[in-house]
Amino acid sequence: MIFSSALIENAVNEFARLPGVGKKTALRLVLHLLKQDTAQVELFSETIARMRRQIKFCQYCHNVSDDDTCSICANHSRNSHVVCVVESIRDVIAIENTQQFNGVYHVLGGIISPIDGIGPDQLQIHSLVERVQQQGIEEVIMALSPTIEGDTTIYYLSKKLKDFPVKITTIARGIAFGGELEYADEMTLARSLTNRLPLENYLQQGK
């Protein structure tokens with residue numbers, strides 16, 4: 001693309017850094033902002049900057065939060081003895097949208113993927129073990145995407161938790177193997193949660 005303004009070009013390049021945004025889409029967004037009042041654009045940019053400066057991560061589950069404890073962990077009507085383990089914040093949002101889960105979460109921040117250089121030490125696994133050990137957790141639901149990396153992570157977590165008196169289950173395979181959890185429709189995801197399986201049954205299905 002050839003730009004008549006270096007300011008426009010720089011803005012387009014910054015928008016194009018966002019996932020799924022190409023140069024053409026970035027240009028369309030920049031031109032849209034040019035049509036807005038200066039005050040609206042300044043509010044937009046300040047909102048994004050303030051979000052990045054002030055956002056926190058929950059001290060218990062590592063979900064995004066405005067405070068040290070997220071609204072889910074702070075909600076006393078939730079069942080704090082049932083923990084749903086997910087890969088990312090997007091998965092928390094996907095499961096919450098089903099309105100079928102009343103427990104709490106634990107965000108790993110990824111899954112074990114040696115090919116990508118991601119090992120157990122880079123994930124929030126130690127804090128999960130501590131929660132199970134110290135907080136009277138009765139059930140851990142493995143709600144990870146049914147991929148090879150997801151199954152590897154589930155297997156690793158099950159080994160780390162095997163010595164604790166905790167029930168370990170996983171979401172049913174209503175979600176196709178190789179699929180991403182965040183892209184599952186809400187009905188499929190809700191049924192997978194409701195019909196969750198003991199972990200040993202899941203591992204046998206995967207063989």
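Note that this is a predicted model, so its numbers are computed, not measured.

Draft legend 1. Structural view of the overall build of the protein chain. Secondary structure summary: the protein chain contains 8 helices and 7 strands in total. Looking at the protein chain as a whole, 38% of its 207 residues are labelled buried. In the protein chain, the share of contacts with a sequence separation of at least 24, taken over all contacts with a separation of at least 6, comes to 57%. If you sum the accessible surface of the protein chain, you get close to 12,600 Å²; carbon and sulfur atoms cover 52% of it.

Draft legend 2. Seen up close, the side chain of T98. As for its position among the elements, T98 is in the loop between α4 (89-96) and β4 (103-107). In contact with T98, not counting residues within four places along its chain, are E186, L189, A190 and L193.

Draft legend 3. Quick look at the pattern of salt bridges. Counted according to the given criterion, the structure contains 6 salt bridges. Here D68 makes a salt bridge to K56, at a shortest N to O gap of 3.7 Å. You can see D68 sitting in the loop between β2 (64-65) and β3 (79-86) and its partner K56 sitting in strand β1 (residues 56-57), a full 12 residues away along the chain. Taken together, the shared-partner salt bridges connect E46, R50 and R53 into one network.

Draft legend 4. View of a nonpolar patch on the surface. Among the surface-exposed residues, F44, I48 and M51 lie close enough to one another that they form a single nonpolar patch of about 280 Å² accessible area. You can see F44 is positioned in helix α3 (residues 38-54).

Draft legend 5. Structural detail: the nonpolar core. Core analysis: the largest hydrophobic core is formed by 38 residues, its most contacted members being C84 and I95. Membership of the second largest hydrophobic core comes to 7 residues, among which are F3, V12, F15 and A26.

Draft legend 6. Highlighting the packing of aromatic side chains. Using the criterion set out here, one finds 1 aromatic pair in the structure. Ring centres 5.2 Å apart and planes at 65 degrees place the aromatic pair F101 and Y105 in the edge-to-face group. As far as burial versus exposure is concerned, F101 and Y105 are alike and both buried.

Draft legend 7. Spatial organisation of helix α6 (residues 148-161). Taking 1.5 Å per residue, 14 residues should reach 20 Å; α6 reaches 20 Å between its end C-alpha atoms and fits that length. Considered for burial, the residues of α6 that qualify are G150, D151, T153, I154, L157, S158 and L161. The buried residues of α6 occupy an angular sector of 160 degrees when projected down its axis, which confines them to one face.

Draft legend 8. Molecular detail of the pairing of β4. Counting buried positions along β4 yields 5 of 5 residues, so the element is predominantly enclosed. Strand direction decides the pairing type here: β3 and β4, joined by 5 bridges, are parallel. From the neighbouring strand, V83 faces β4, where its bridge partner is V104.

Draft legend 9. Structural context of the pairing of β3. Each parallel crossover has a hand, and the one from β3 via α4 to β4 is right-handed. Strand direction decides the pairing type here: β3 and strand β5 (residues 139-142), joined by 4 bridges, are parallel. Looking at β5, one finds that V83 is bridged to V140.

Draft legend 10. View of the environment of V21. Following the sequence through the fold, V21 ends up in the loop between α1 (6-15) and α2 (23-35). Among the residues examined, V21 registers a relative accessible area of 18% and is labelled buried.

What counts, and at which threshold
- Residues numbered from 1 in each chain as written.
- Predicted model: local features only at pLDDT ≥ 70, side-chain atom pairs only at ≥ 80, totals over all residues.
- Heavy atoms only, no water.
- Helix = DSSP H or I, 4+ residues; strand = E, 2+ residues; numbered from the N terminus.
- Buried < 20%, exposed > 50% of the residue type's maximum accessible area, 1.4 Å probe, protein only.
- Contact = heavy atoms within 4.5 Å.
- Areas by Shrake-Rupley, 256 points an atom, 1.4 Å probe, with all protein chains shown as cover.
- Salt bridge = Lys/Arg side-chain N within 4 Å of Asp/Glu carboxyl O.
- Patch = residues over 30% accessible without salt bridge, like charges linked within 9 Å, V, L, I, M, F, W, Y side chains within 5 Å.
- Core = buried A, V, L, I, M, F, W, Y, C linked by side-chain atoms within 4.5 Å.
- Phe/Tyr/Trp six-rings, centres within 6.5 Å; stacked < 30°, edge-to-face > 60°.
- Expected span 1.5 Å × (residues − 1).
- Arc of directions from axis to C-beta.
- Pairing = 2+ DSSP bridges.
- Right-handed = clockwise from strand over helix to strand, strands pointing away.

Treat this as a map of the structure, not an account of what it does.
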